[in-house]
Amino acid sequence: MSDTTIEKLKCLIIGSGPAGYTAAIYAARADMNPVMYTGMEPGGQLTTTTEVDNFPGYPEGIDGPTMMVQLQQQAERFGTKVRIGMATAVEFSHDKGGWHKVTIDNNTEVHAKTVIIATGATAKYLGLPSEQRLRGGGVSACAVCDGFFYRGQDVAIVGAGDTAAEEATYLANICKNVTMLVRKDYMRASKAMQHRVENTPNITVMYNTEVDEVLGDQVVEGLRMVNNQTKEKTDIAITGLFIAIGHKPNTDIFKGQLDMDDAGYLITMGKTAKTNLPGVFACGDVQDKEYRQAITAAGSGCMAALDAERYLTTLEA
Ligand SMILES: Cc1cc2nc3c(=O)[nH]c(=O)nc-3n(C[C@H](O)[C@H](O)[C@H](O)COP(=O)(O)OP(=O)(O)OC[C@H]3O[C@@H](n4cnc5c(N)ncnc54)[C@H](O)[C@@H]3O)c2cc1C
């Protein structure tokens, strides 16, 4: 491809969740003419949930897909070009002011002075057919997001790490009883978190225990657990099942180009959205394994656009 036929952009945004769209709104209003590629999940993780009750500005709550369509419309109102497509390869410049090369769908190259990465993280699920069928009907991968819908009710959580332990104690504060399923005969969580779980009277930890089947037709009504040592199966009545077995940040294509932590989350510098390369910024869950909320993702999307705008200004000076 000749260099003259390659599209040159001031700002390319990769990913269309709350972080990407918020970055797009700010970048578009700053005349950066952003182009966004949506990836395989236009709208991001919130399109997999029915009700979002905790995003400020929606007193009655809103369903996730509708909220994401509204964010898209807001970004497009200011001129953001939203395109369906996956970033499949990147070749980032190490020089200030250099062109960052991004390949879309293995066949189109775009060059951008600034790239805002908002590719999110994907929650891991167990992969059982009954679990997949009941996602959004009582099966959730986010206790902080959806726990409130099960207040005063019996729920279960699967996982053994710090996040699972933290989410179990979070649920214990609002739900009646929490059954925690741990696959091994010990928890991976820190000793401090284990003690918190053990000292919470309404959490029952079931070691050597896995999900055999989630019970219910339209909504979760119960759980069939199996002891992986004795193979004994036990049914319990629950209305919510929380899967807390980890997330995978969507950063495979950035490996070897950008600094990441051991789990693959992009590292940003201090209180900024700057990565280790000039002109490349990251926002949302792809760089945040701590909070993982739509509002924090949106906030960091704003930061990424402001950082990108300031970077462009320094190039013009
Ligand atoms: C079931 C569930 C319910 C939730 N409920 C709530 C809630 O009620 N309230 C709340 O605040 N939070 C909730 N969350 C968390 C919230 O969805 C996330 O924190 C938020 O969506 C993160 O936004 P993001 O923009 O960083 O990434 P994401 O929403 O993960 O979006 C990532 C985007 O990147 C795109 N992408 C990935 N790879 C590529 C690529 N190579 N090229 C181009 N695009 C790419 C994807 O297609 C997607 O559009 C929930 C999460 C889940 C799973």
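- Looking at an unreviewed UniProt entry, the protein carries the name Thioredoxin reductase, with the source organism given as Flavobacterium suaedae.
- Listed under Catalytic activity (unreviewed entry) in UniProt, the entry text for the protein is "[thioredoxin]-dithiol + NADP(+) = [thioredoxin]-disulfide + NADPH + H(+)".
- The UniProt entry for the protein carries this comment under Subunit (unreviewed entry): "Homodimer."

## Considerations on the layout of surface pockets
Empty space among the atoms becomes apparent when a probe as large as a water molecule is rolled across them.
Logical step 1: Computed from the structure, the second largest pocket encloses a volume of approximately 360 Å³.
Logical step 2: Residue lining of the second largest pocket: 16 residues in total, with Leu126, Val158, Gly159, Arg183 and Ile245 positioned closest to the centre.
Logical step 3: Residue contributions to the lining of the second largest pocket peak at 3 residues, all from strand β14 (residues 209-215).
Logical step 4: For the lining of the second largest pocket, the class distribution of residues is 10 nonpolar, 2 polar and 4 charged.

## Some thoughts on the site of the ligand
Logical step 1: In the vicinity of the ligand, 34 residues are found, and the nearest of them are Thr38, Glu41, Gln45, Asp285 and Ala294.
Logical step 2: Taking Asn54, its side chain carries an N or O atom lying 2.8 Å from a nitrogen atom of the ligand.
Logical step 3: Take Ala87: an N or O atom from its main chain is 2.9 Å from a nitrogen atom of the ligand.
Logical step 4: The protein chains hide 96% of the 1000 Å² of surface that the ligand would expose on its own.
Logical step 5: Breaking the shell around the ligand down by element, the ones donating at least two residues are α1 (18-29), β3 (51-52), α4 (143-146) and α7 (294-316).
Logical step 6: A per-class count over the shell around the ligand returns 14 nonpolar, 15 polar and 5 charged.

What counts, and at which threshold
Residues numbered from 1 in each chain as written. Predicted model: local features only at pLDDT ≥ 70, side-chain atom pairs only at ≥ 80, totals over all residues. Heavy atoms only, no water. UniProt positions renumbered as here; feature names shortened; annotations may be inferred. 1 Å grid on protein atoms, 1.4 Å probe; cavity = no way out; pocket = protein on both sides within 12 Å on 5 of 7 lines; lining within 4 Å. Points joined across faces, edges and corners; volume = space filled by probe spheres on them. Helix = DSSP H or I, 4+ residues; strand = E, 2+ residues; numbered from the N terminus. Nonpolar A, V, L, I, M, F, W, Y, C, P; charged D, E, K, R; others polar. Near = heavy atom within 4 Å. Polar contact = N/O pair within 3.5 Å; in protein donor to acceptor, adjacent residues only side chain to side chain. Areas by Shrake-Rupley, 256 points an atom, 1.4 Å probe, with all protein chains shown as cover.

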